[in-house]
Amino acid sequence: MHLLKPARLFLVPLLAVLSCAPRAALTPQAAFHDLKEAFRNSDAAGLERQLSRDSVRTIRRMTALFSRMDERQLDALSEKFKVPPERLKKLSVRDYCALTLALGKGSNVVGTATSRAIVGIDRKGSRAVIRVDNGMELPFVKEGPYWKFDMTGF
């Protein structure tokens, strides 16, 4: 019983610190790095976590359009993306991210930009644009204390 008291003294503060750890990027640079890691690791869940609320809404609207396509359109899209038509009709945001990562190897604008070095950051209030060494720019937006990737312009 006496061994548990010292353990509790150590565990309680440790749990408090861990529960206060940031759940997302606190700077645009950190958000860029997290986005880079998601692309590097083909991590759909990681990519989904990096998206702004508006980006998530945009993806949901886009995937809802898939479910309303006629059979011919859906078959063409299915063939292009190499995804069964029934799956396209029910894409979640994470599924869309996974599809983006799978299709984007070497040709995805965001994936290409995140593989480059940051050369500048233009920050105005809750918006930031990160410029990389090949001239590409990626927009980020602050949501609460966290910075998120804003793909609504892509």
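This write-up is about the structure you can find in this document.

Criteria and cut-off values
- Residues numbered from 1 in each chain as written.
- Predicted model: local features only at pLDDT ≥ 70, side-chain atom pairs only at ≥ 80, totals over all residues.
- Heavy atoms only, no water.
- Helix = DSSP H or I, 4+ residues; strand = E, 2+ residues; numbered from the N terminus.
- Areas by Shrake-Rupley, 256 points an atom, 1.4 Å probe, with all protein chains shown as cover.
- Buried < 20%, exposed > 50% of the residue type's maximum accessible area, 1.4 Å probe, protein only.
- Pairing = 2+ DSSP bridges.
- Polar contact = N/O pair within 3.5 Å; in protein donor to acceptor, adjacent residues only side chain to side chain.
- Contact = heavy atoms within 4.5 Å.
- Arc of directions from axis to C-beta.

Another point: the overall build of the protein chain. Regarding its fold elements, the protein chain presents 8 helices and 4 strands. For the protein chain, the accessible area works out to roughly 9,700 Å², and carbon and sulfur atoms hold 58% of it.

Glancing now at the pairing of strand β3 (residues 137-143). In terms of residue burial, β3 counts as a mostly covered element, since 5 of its 7 residues are buried. For strand β2 (residues 127-132) and β3, the ladder comprises 5 bridges, and the chain directions are antiparallel. Paired with R127 across the strands is V141, a residue of β3. What sits between the antiparallel neighbours β2 and β3 is a turn of 4 residues, in which G135 has the positive phi angle 95°. Connecting β3 to the next strand, strand β4 (residues 146-149), in antiparallel fashion are 2 residues, including G144 with a positive phi near 65°.

As a further point, take the side chain of D150. Relative to the helices and strands, D150 resides in the segment after β4. At 2.7 Å, the side chain of D150 and the side chain of T152 are in polar contact. Apart from residues no more than four positions distant in its own chain, D150 is found in contact with S52, S55, R127, P139, F140 and V141.

What follows deals with helix α5 (residues 71-81). Within α5, burial applies to L74, L77, S78 and F81. In an axial view of α5, the angular spread of the buried residues amounts to 105°, which keeps them on one side of the axis. More than 90 degrees from the buried face of α5, the exposed residues found are R72, E79 and K80. As for α5, its buried residues are in contact with α4 (53-67), α6 (85-88) and α7 (93-103). The N-cap residue of α5 is D70: its side-chain oxygen and the backbone nitrogen of R72 are 3.1 Å apart. After α5 finishes, the residue K82 shows a positive phi value of roughly 60°.

By themselves these figures say nothing about function.
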